[in-house]
Amino acid sequence: MRQTVDAPNGLRWTVKRLIVPTGMRPMTRTDMLDVASPRRTVVHGMSRQIPDAMGAWTGPLPLGFLLVPLVLPLVPIALLLRRWRVLPWTIEARAHPWGRRYPPIVLTYLLRGGEESRRAFGQLVEALARGEGAPVVDGAERFGQPRQPHSGPPVVGSGR
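For every chain, the first residue of the written sequence is number 1, and numbering continues from 1 onward in sequence order. At least 70 in pLDDT is required for a residue's local features to be given in this predicted model, at least 80 for side-chain atom pairs to be given and counted, and no such filter applies to totals for whole chains, interfaces and linings, which use all residues. Here the side-chain values reflect all heavy atoms present in the structure, with hydrogen atoms and water set aside.

Asker: Kindly report on the pattern of salt bridges, identifying the contributing residues and their values.
Answerer: Each reported salt bridge corresponds to a side-chain nitrogen of Lys or Arg within 4 Å of a carboxyl oxygen of Asp or Glu. Using the criterion set out here, one finds five salt bridges in the structure. Between Glu92 and Arg94 there is a salt bridge, with its nearest N and O atoms 2.9 Å apart.

Take a look at the structure:
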């Protein structure tokens, strides 16, 4: 299930019901950079920077190609567990207000049951079309990480 919605505030939302579990989905470009070594790392005493692990043989890209054939047979098992209401379905809405080169706004909802997920999908599409920013969907649990500019762990040496 996939549908594109144009909101009155100018955002174009792409709403999907995901088949593949979140842990098995391919990483986005931003995620790949996060899992690689810190970019442009400088070590004291070295004359140049440490090379990035993005394309190295232990980096995320080559290891991803090696692990996909091992994980792919688990997809039918995940679908069966969703049918038995053990695993939840994931409905995701994405908008790229700053363009595709920048991180998107993502709304993620988890719910159990195929019929319930189809009904929630329709509710989410209607709510986004009305212009609601983060709609409440009946029977769905909103899954997200609130991100504040300074909400991470304390900086080393911040002084107490």
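Now that the structure has been shown, we can carry on.
Asker: How would you summarise the packing of aromatic side chains if you had to cite specific residues and measurements?
Answerer: A pair of aromatic rings is counted whenever rings of Phe, Tyr or Trp (Trp by its six-membered ring) have centres within 6.5 Å, and the orientation is called stacked for planes under 30 degrees apart, edge-to-face for over 60 and tilted otherwise. Within the structure shown, the criterion is met by zero aromatic pairs. Geometrically, a lysine NZ or arginine CZ counts as sitting over a ring once it is within 6 Å of the ring centre and also within 35 degrees of the ring normal. The ring of Trp89 is capped by Arg17, whose NZ or CZ atom sits 4.0 Å from the centre of that ring. Residue placement shows Arg82 over the ring face of Trp89; its charged tip is 4.9 Å from the ring centre.

Asker: Which residues make up unusual backbone geometry, and what values go with them?
Answerer: Non-glycine residue Arg85 carries a positive phi angle of around 65°. The numbering of helices and of strands both runs from the N terminus, where a helix is a DSSP run of H or I of at least 4 residues and a strand a run of E of at least 2. Topologically, Arg85 is positioned in the loop between α3 (75-83) and β3 (89-95).

Asker: Which residues make up the pairing of β3, and what are the values?
Answerer: Using a 1.4 Å probe on the protein chains alone, a residue whose accessible area is under 20% of its type maximum counts as buried, one over 50% counts as exposed, and one in between counts as partly exposed. With respect to burial, β3 is a largely interior element, six of its seven residues being buried. Strands pair, by our definition, only if DSSP identifies at least two bridges between them. With six bridges joining them, strand β2 (residues 12-18) and β3 adopt antiparallel strand pairing. Across the sheet, Leu18 pairs through a bridge with Thr90, a residue of β3. Examined bridge by bridge, β3 and strand β4 (residues 105-111) share seven bridges and lie antiparallel to one another. Across the sheet, residue Ala95 finds its bridge partner in β4, namely Ile105.

Asker: Outline the sheet that holds β3, supporting the account with residue identities and numerical values.
Answerer: Sheet architecture is open: five strands sit in the order β1-β2-β3-β4-β5, paired in antiparallel fashion. Edge strands, defined here as strands with exactly one partner in the open sheet, are β1 (2-6) and β5 (141-143). Neighbour-to-neighbour, the strand axes of the sheet open up by a mean angle of 20°, direction not taken into account. Note on contacts: a residue pair qualifies if any of its non-hydrogen atoms lie within 4.5 Å across the two residues. For every element, the axis is a line fit to its C-alpha atoms; helices are fit only across the contacting stretch, and the angle between N-to-C directions ranges from 0 to 180 degrees. Strands β1, β2, β3 and β4 of the sheet are contacted by helix α4 (residues 114-130), whose axis makes an angle of about 175° with β2.

Asker: I'd love a proper account of the side chain of Thr14, names of residues and values included.
Answerer: Looking at where Thr14 falls in the secondary structure, it is placed in strand β2. The class for Thr14 is buried, based on a relative accessible area of 15%. Non-local contacts of Thr14, meaning those with residues more than four positions away in its chain, are made with Arg2, Gln3, Thr4, Glu92, Ala93 and Arg94.

Asker: If you had to explain the environment of Tyr109 to someone new, which residues and values would you point to?
Answerer: With respect to the helices, strands and loops of the structure, Tyr109 is situated in strand β4. For Tyr109, a relative accessible area of 3% translates into the label buried. Between the alpha carbons of Tyr109 and Ala93 there is a distance of 8.8 Å; along the sequence they are 16 residues apart. Those residues in contact with Tyr109 that sit more than four places away from it in its chain are Trp89, Thr90, Ile91, Leu124, Ala134, Pro135, Val137, Ala140, Glu141 and Arg142. What qualifies as a polar contact is a pair of N or O atoms within 3.5 Å, subject to a donor-acceptor requirement within protein and to the restriction that residues adjacent in sequence count only when both atoms come from side chains. A polar atom in the side chain of Tyr109 sits 2.4 Å from the backbone oxygen of Pro135.

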